[in-house]
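Reading the structure
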Amino acid sequence: MGEPPPIWRARDIEWTIDRTLVMGILNVTPDSFSDAGKFLDPRVAVERARRIAEEGADILDIGGESTRPGARPVPADEEWRRIGPVIEAVARDVDIPISVDTYKPRIARKAIRAGAVIVNDVRGLRDPEMVRVVANSGAGAVIMHMKGEPATMQENPHYDDVVAEVKAFLAERLGEAVSHGVAMESTVVDPGFGFGKAPRHNTTLLHSLREIRAIGRPVLAGASRKSFLASVHPTKDGEGPEASLAAAAIGVQNGADILRVHDVAKTVQFVRTLDTSMPTQQ
Ligand code: HH2
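The rules behind each value
- Residues numbered from 1 in each chain as written.
- Predicted model: local features only at pLDDT ≥ 70, side-chain atom pairs only at ≥ 80, totals over all residues.
- Heavy atoms only, no water.
- Helix = DSSP H or I, 4+ residues; strand = E, 2+ residues; numbered from the N terminus.
- Buried < 20%, exposed > 50% of the residue type's maximum accessible area, 1.4 Å probe, protein only.
- Contact = heavy atoms within 4.5 Å.
- Areas by Shrake-Rupley, 256 points an atom, 1.4 Å probe, with all protein chains shown as cover.
- Near = heavy atom within 4 Å.
- Polar contact = N/O pair within 3.5 Å; in protein donor to acceptor, adjacent residues only side chain to side chain.
- Nonpolar A, V, L, I, M, F, W, Y, C, P; charged D, E, K, R; others polar.
- Core = buried A, V, L, I, M, F, W, Y, C linked by side-chain atoms within 4.5 Å.
- Phe/Tyr/Trp six-rings, centres within 6.5 Å; stacked < 30°, edge-to-face > 60°.

**So, the overall build of the protein chain**
For the protein chain, the count of helices and strands is nine helices and 10 strands. Viewed in the frame of its principal axes, the protein chain has a C-alpha envelope of about 45 × 40 × 40 Å. A buried classification covers 57% of the 282 residues belonging to the protein chain. Relative to all contacts within the protein chain whose residues are 6 or more apart in sequence, the contacts with residues 24 or more apart total 68%. With the model as given, the accessible surface of the protein chain reaches about 11,900 Å², and the carbon-plus-sulfur share is 51%.

**Considerations on the site of the ligand**
Residues in close proximity to the ligand total 18 residues, the closest being S32, S66, N120, D190 and K226. Between an oxygen atom of the ligand and a main-chain N or O atom of G222, the distance comes to 3.3 Å. If the ligand stood free it would expose 480 Å²; the protein chains cover 99% of that surface. Among the residues forming the shell around the ligand, the class breakdown is six nonpolar, seven polar and five charged.

**Section: unusual backbone geometry**
One non-glycine residue with positive phi stands out, namely N156, at about 55 degrees. If you trace the backbone, N156 turns up in the loop between β7 (140-144) and α5 (162-179). One non-glycine residue with positive phi stands out, namely R225, at about 55 degrees. Its place among the elements puts R225 in the loop between β9 (220-221) and α8 (241-253). Under the relative-accessibility criterion, R225 is labelled buried at 11%.

**A few points about the nonpolar core**
Counting 70 residues, the largest nonpolar core has L26, I62, I87 and V90 as the members making the most contacts within it. Once you skip the residues sitting within four places of it in the chain, I87 turns out to touch I62, W80, I98, V100, A111, A114 and A116. Residues W8, I17, I59 and I258 belong to the second largest nonpolar core, which totals 13 residues.

**Details of the side chain of T20**
With respect to the helices and strands, T20 occurs in the loop between β2 (13-16) and β3 (21-27). A relative accessible area of 2% means that T20 is categorised as buried.

**Here we look at the packing of aromatic side chains**
With the rule as written, the count across this model stands at two aromatic pairs. Ring centres 5.3 Å apart and planes at 35 degrees place the aromatic pair W8 and W15 in the tilted group. For the pair W8 and W15, one class covers both residues: buried. Ring plane angle 20 degrees and centroid distance 6.0 Å describe the contact between F193 and F228, whose orientation is recorded as stacked. Of the two residues, F193 sits in the loop between β8 (187-190) and α6 (199-206) while F228 sits in the loop between β9 and α8, which places them 35 residues apart along the sequence.

This is the structure in structure tokens:
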């Protein structure tokens, strides 16, 4: 008998992760490296959210600030102006759990009040106020690793042992969050593909997710359309689903539990096949 499948809890929702979950991305930004400017109109964004739900995503991740390499921070008011109306409308009209992609506690709090159930924090709950928001609300939390800051993180990142360093960071952040009232079962961890990592670091991590999973929490992998894929599949910035699906296959076979993706319909079909052809999920 293998281990029982892990549980992920986000407010009143609970997933038993006995198959790969798919988180569909909705970037309400003028400058994301994918879909830039496409969903700034809230009506168009809500339509896209509906589509992502129909295509079979388990979770919708809504973000209002690009964190691509070189991106500049967005003031909180502007971030909320972009995503607030979309979160409110999706929570009301679309049947899908909402994750908010933000590192600002103020935005996370407002998003939860508007109906979001997960906080996806690319800064890995480093802000004590963010830990409080998650602990007090019972929201799910994605704890992601990032080395440096988006503006400069891709300038020659260095690791002695990328897997050990990322794992140590995530374990430390997880321990700190739990010691301040975040429920263990509400957390998942993410190595943060492309966040202060050279292509070889991303590739090593993608093949080492089981090692990250040894922390004891499910692993979320966000390799979709990341530029490091262009080095293995020569399209602009890894655009087009082939490289992302290849990354999804490698990720799932090496321990990913949740995939954060742009191409939802294709990924959902793809992981259904992958999951049924895997000898075991553990
Ligand atoms: N990647 C991006 C944004 N948020 N969150 C998690 N947990 N993991 C990731 O890998 C991750 C993330 C960046 O990708 P994208 O949303 O496509 O681009 P942008 O930040 O330019 O909006």
